[in-house]
Amino acid sequence: MSKTSTGTTGDQPTNVLGHASTENEPDTAIESKTGSAELSRDDAFEMLSNRRRRYTLQFLSDTTGPTSLSDLAEQVAAWENETSVEDISASERKTVYTSLQQFHLPKMADMGIVEFDRRAGEVRLTESATDLDIYLELVDRYDIPWSLYYLGLSTVGTVLTSLAYAGIQPFAAVPFAGWTVFLVAVFTVSSASHYVLSRRMRLSSNTVPPEVDDA
């Protein structure tokens, strides 16, 4: 099954080529900007802040070459409704199709994340999409950022070892060396978990988005 996505910005499409469209689309075609600058941090967070765009990136990243907008809309609708492509309704598919066509894909194309041929109804990722990998784990995924988690863990560890070293009970019941070994173990486990979760959040690391896989 092939996949598809679209791109535009605001109320006006960008990079209009003037081709006929499909499924009642305007008589235009849209492609992503070429030779655009590297995706900025703000643009990356804005791109990934929406679940439908994250699902779109996941679907397109698993496909080599262009994909159809219809297939893309079907799969995104299936993920959103936690069902299979065969079981989604026509209204669910149409809702996602219209949203992708009129808003999300145009925005992605304007940022240079996808290229879209409106006449052919085909879309594909650009190389710029790989820039989003490092931001995926930071956007609406965990209760607290990993940086805050490590800061808190370091603070707690410092307090515990200081109390043990000063001989304050009940912390002194565990030797200073014991607290040190314990904290090293905690940091090791945390780092390993961080690595595994970061790998899972990267594009193309799963056949389904982690948000769906963990549901």
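This text gives an overview of the structure that appears in the document. Values in this document were obtained by computation on a predicted structure and should not be read as measured data. (Residues numbered from 1 in each chain as written. Predicted model: local features only at pLDDT ≥ 70, side-chain atom pairs only at ≥ 80, totals over all residues. Heavy atoms only, no water.)

## With respect to the packing of helix H2 (residues 51-61) against helix H4 (residues 90-110)
Inclusion rule: Axis geometry follows a simple rule: fit a line to the C-alpha atoms, using only the stretch in contact for helices, then measure angles between N-to-C directions, giving values from 0 to 180 degrees. Helix and strand definitions follow DSSP, with helices as H or I runs of at least four residues and strands as E runs of at least two, each counted in order from the N terminus. Our angle categories are set so that under 35 degrees counts as roughly parallel, over 145 as roughly antiparallel, 65 to 115 as roughly perpendicular, and the remainder as oblique. Pairs of residues are marked as contacts when any of their non-hydrogen atoms sit within 4.5 Å. Think of it as three bins: nonpolar holds Ala, Val, Leu, Ile, Met, Phe, Trp, Tyr, Cys and Pro, charged holds Asp, Glu, Lys and Arg, and polar takes everything else, Gly as well.
Where H2 meets H4, the closest approach of the two axes is 11 Å, and the angle between their N-to-C directions is 85 degrees. If you check the angle between H2 and H4, you find them roughly perpendicular. Seen from H2, the contacting residues are Arg52, Arg53, Thr56 and Leu57; seen from H4, they are Thr95, Val96, Ser99, Leu100, Phe103, His104, Leu105, Lys107 and Met108. The residue inventory of the contact of H2 with H4, partitioned by class, reads six nonpolar, four polar and three charged.

## A look at H2
This is how the line gets drawn: Note on exposure labels: buried denotes an accessible area under 20% of the residue type's maximum, exposed denotes more than 50%, and partly exposed covers the range between, all computed with a 1.4 Å probe on protein chains only. Polar contact is the term for a pair of N or O atoms within 3.5 Å; when the atoms are in protein, one must be able to donate a hydrogen and the other to accept it, and sequence-neighboring residues count only if both atoms are side-chain atoms.
Taking burial as the measure, the 11 residues of H2 include 10 buried ones, the bulk of the element. Residues Arg52, Arg53, Arg54, Tyr55, Thr56, Leu57, Gln58, Phe59, Leu60 and Ser61 constitute the buried set of H2. The N-cap residue of H2 is Asn50: its side-chain oxygen and the backbone nitrogen of Arg52 are 2.9 Å apart.

## Details of helix H1 (residues 41-48)
Quick reminder of the rule: Arc definition: it is the arc formed by the directions from the helix axis to the C-beta atoms.
If you check which residues of H1 are buried, you get Ala44, Met47 and Leu48. All buried residues of H1 fall inside an arc of 85 degrees around its axis, so they share one side. Here the buried face of H1 lies against H2 and H4.

## With respect to the pairing of strand E3 (residues 122-125)
Moving residue by residue along a regular strand, the side chains alternate between the two faces of the sheet. Put simply, the rule is: For two strands to pair, DSSP has to find at least two bridges joining them.
Only one face of E3 is buried: it carries Val123 and Leu125, and the other face, with Glu122 and Arg124, is open. Note that strand E1 (residues 67-68) and E3 share two bridges and pair antiparallel. In the strand pairing of E3, Ser68 is matched with Glu122. Across four bridges, the pairing between strand E2 (residues 114-117) and E3 is antiparallel. Residue pairing for E3: Phe116 is matched across the bridge by Val123.

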